[in-house]
Amino acid sequence: MYIKLRSPNIFTFLFFLFVPILTQAQATYQPYSYHFYQKFNKVQYSWETNRHTAVKPMIIDSVMTPVYDSLMNIGVRERLTWVGRKLWNEHLIDVKGENYTFYGDFIPDFQIGRDFGGAGKNTWLNTRGFQLGGTISDKFFFYTSAYENQGVFPTYVNDFILENEVVPGQMYGKLGTDQQDWAYASAIVSYSPVQNLNFTIAYDKNFIGDGYRSMLLSDVSSNSTFFKFNGLFGDVQVTSIVSYMLDPRESIHDKSRSRSLRKWGAFQYADWNISNRFSMGLFHSLIWASRDDTGVGDMMQVGLNTKYKAFKKASFYGQLLLSKKLSGQLGVRGFDALGVKDLNFLAEYNFAKPYSYADNDPLTSYSNYSQSLAHPLGANFREFVGIANYSYKKFDFSLQGNYGLYGLDVAESDNYGKDLFKPYDADLIHKGSIGQGLKTNMVYADAKIAYVVNPKYNLRLEAGAGLRRESNSEWTNTSTLITLGLRASFRNLYYDF
């Protein structure tokens, strides 16, 4: 087992300080997954509700509880045996007291598949994990999970791992040429002294936005250690996050620097529900780190997030982020499409001009653990995303299509603005258009069908098929994939890049 978490000692101290207290919480923490959260669309994006929907993960409150409870009990019926109850209905460990709860589960992710691209290869994933969670009254909750993994990825994902020395959205480990071995963990302790205030210390991820992607702050990269404050003051929600991050990729290019280069981030977001149908949020971020010989570096960005419930069952949303260059998003999402109950959809356009998110010191680029803090394509791109989800009893269906256009660097010395980890100079920042460099097209399609075995921890049998094609004037790479697996958890991991 290979678990090597790098986080401040204060986090470790506070985590083990609180766990004994918590194991004696009725706020419910729900890890963020787009494909699970979209099932709340009819509550979150209804004309009848006045909801702050951008900041995720969320604590399931009284408005969301009826939908949440129904999702946690899909297909649940009386079982006469302990094995039957644990397999189909309950957490493996499930303790409910008068003023506290505690649960625990074994989390598998076993997959086999085939990548028919190129010479072809068999793919597989062998993940064994666990999750533990609990609450005390409506004030405390905690959650932790950990996973030990081995696997063989499709060629394009494996190429990313070899170049960046990290498994996308997770961690580094004993990374080989083809077969990978790594570990991944998260931990959260949260306290709500009163109903509308919450304080969280965690080793986890954050997401700000109403779309599938976020151009402000997303959950694409690995976990980081952070302190978060959430407060609701009338119709205004205020979120403040201070995060401790690492960027080992910079040491790949600059051997004089530490293997785990430390950096900090401060993210503030204020969301105003002007009415039941329209909201506007202001975003600010600051990334800073110590430089070895030039003092202290930092990068600041400001942004806007908006949402308008234009129709009873469809809402428009958008984002703008300004740093050195402009990036943004425009989308629409809805529920019960075409009069079909539980048929939800999303259509989205994203763009980032060359050199967006970059800084003159790569360490202070808008990144964490060798990946962007915003979009997995970095910068110098435009992208269209379409997603449809449908649920019928214990079956979940999803269909996704992406089209991306971006400009690649031809030589190592090139910098056309896609790679966040290449420094820019004053001349570069005012030049260029999207697609400059080696203009490349990427098409991605994915279809999945799943049968939910146990809704409490999303244990499911899942079959999938996918296609990824990346092409330009120099080469074409194609991966055609099929997968079959027994999977669990609500993790959000992105391989559509």
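Residues numbered from 1 in each chain as written. Predicted model: local features only at pLDDT ≥ 70, side-chain atom pairs only at ≥ 80, totals over all residues. Heavy atoms only, no water.

> Which parts of the structure should I look at to understand the environment of Tyr308?
As for its position among the elements, Tyr308 is in strand E16 (residues 296–311). Spatially, the C-alpha atoms of Tyr308 and Thr483 are 38 Å apart, while their sequence positions differ by 175 residues. (Helix = DSSP H or I, 4+ residues; strand = E, 2+ residues; numbered from the N terminus.)

> Explain helix H6 (residues 155–164) here, please?
Because an α-helix completes one turn every 3.6 residues, residues spaced three or four positions apart along the sequence face the same direction. By the burial criterion, the buried members of H6 are Tyr156, Val157, Asn158, Phe160, Ile161 and Asn164. Downstream of H6 by a residue or two, Glu165 has a phi angle that is positive, lying close to 55 degrees. (Buried < 20%, exposed > 50% of the residue type's maximum accessible area, 1.4 Å probe, protein only.)

> Just to check I follow, could you spell out the environment of Val43 for this structure?
With respect to the element layout, Val43 can be found in helix H3 (residues 41–44). Take Val43: its relative accessible area is 11%, and that puts it in the buried class. When the C-alpha positions of Val43 and Gly134 are compared, they lie 25 Å apart, and in sequence the two are 91 residues distant. Once residues within four sequence positions are removed from consideration, Val43 is found in contact with Thr49, Arg51, Val63 and Val67. (Contact = heavy atoms within 4.5 Å.)

> Please explain the pattern of salt bridges as it appears in this structure.
Applying the stated criterion across every chain, the model contains 20 salt bridges. With its nearest N and O atoms 2.9 Å apart, the salt bridge here joins Asp94 to Lys96. Since its relative accessible area comes to 26%, Asp94 is described here as partly exposed. Overall, the relative accessible area of 64% leaves Lys96 in the exposed class. (Salt bridge = Lys/Arg side-chain N within 4 Å of Asp/Glu carboxyl O.)

> Which parts of the structure should I look at to understand the pairing of strand E18 (residues 326–334)?
As a general feature of sheets, a regular strand has side chains that alternate between the two faces. Where burial is concerned, most of E18 is hidden: 7 out of the 9 residues are buried. Two elements, strand E17 (residues 314–322) and E18, share 9 bridges in a ladder whose sense is antiparallel. Each residue of the ladder has a partner; that of Gly318, found in E18, is Leu330. Linking E17 back to E18 in an antiparallel pair, the connection comprises 3 residues. (Pairing = 2+ DSSP bridges.)

> Please clarify how the packing of aromatic side chains should be interpreted in this entry.
Two aromatic rings, taken as a pair, are described by how far apart their centres are and by the angle between their planes. Taken as a whole, this structure holds 29 aromatic pairs when the rule is applied. Pairing Tyr212 with Tyr494 gives two aromatic rings, centres 5.7 Å apart and planes at 65 degrees, and the pair type is edge-to-face. Linking Tyr212 in the loop between strand E11 (207–208) and strand E12 (224–233) with Tyr494 in the segment after strand E26 (476–487), this pair joins segments that are 282 residues apart in sequence. Residue class for Tyr212 comes out buried when judged on its relative accessible area of 6%. The buried category is assigned to Tyr494, whose relative accessible area is 7%. (Phe/Tyr/Trp six-rings, centres within 6.5 Å; stacked < 30°, edge-to-face > 60°.)

> For this particular structure, what's the right way to read the side chain of Arg51?
The topology assignment puts Arg51 in the loop between H3 and strand E2 (55–56). Overall, Arg51 belongs to the buried group, its relative accessible area being 11%. Leaving out residues up to four positions away in the same chain, Arg51 has contacts with Val43, Gln44, Asp61, Val63, Met64, Asn273 and Lys307.

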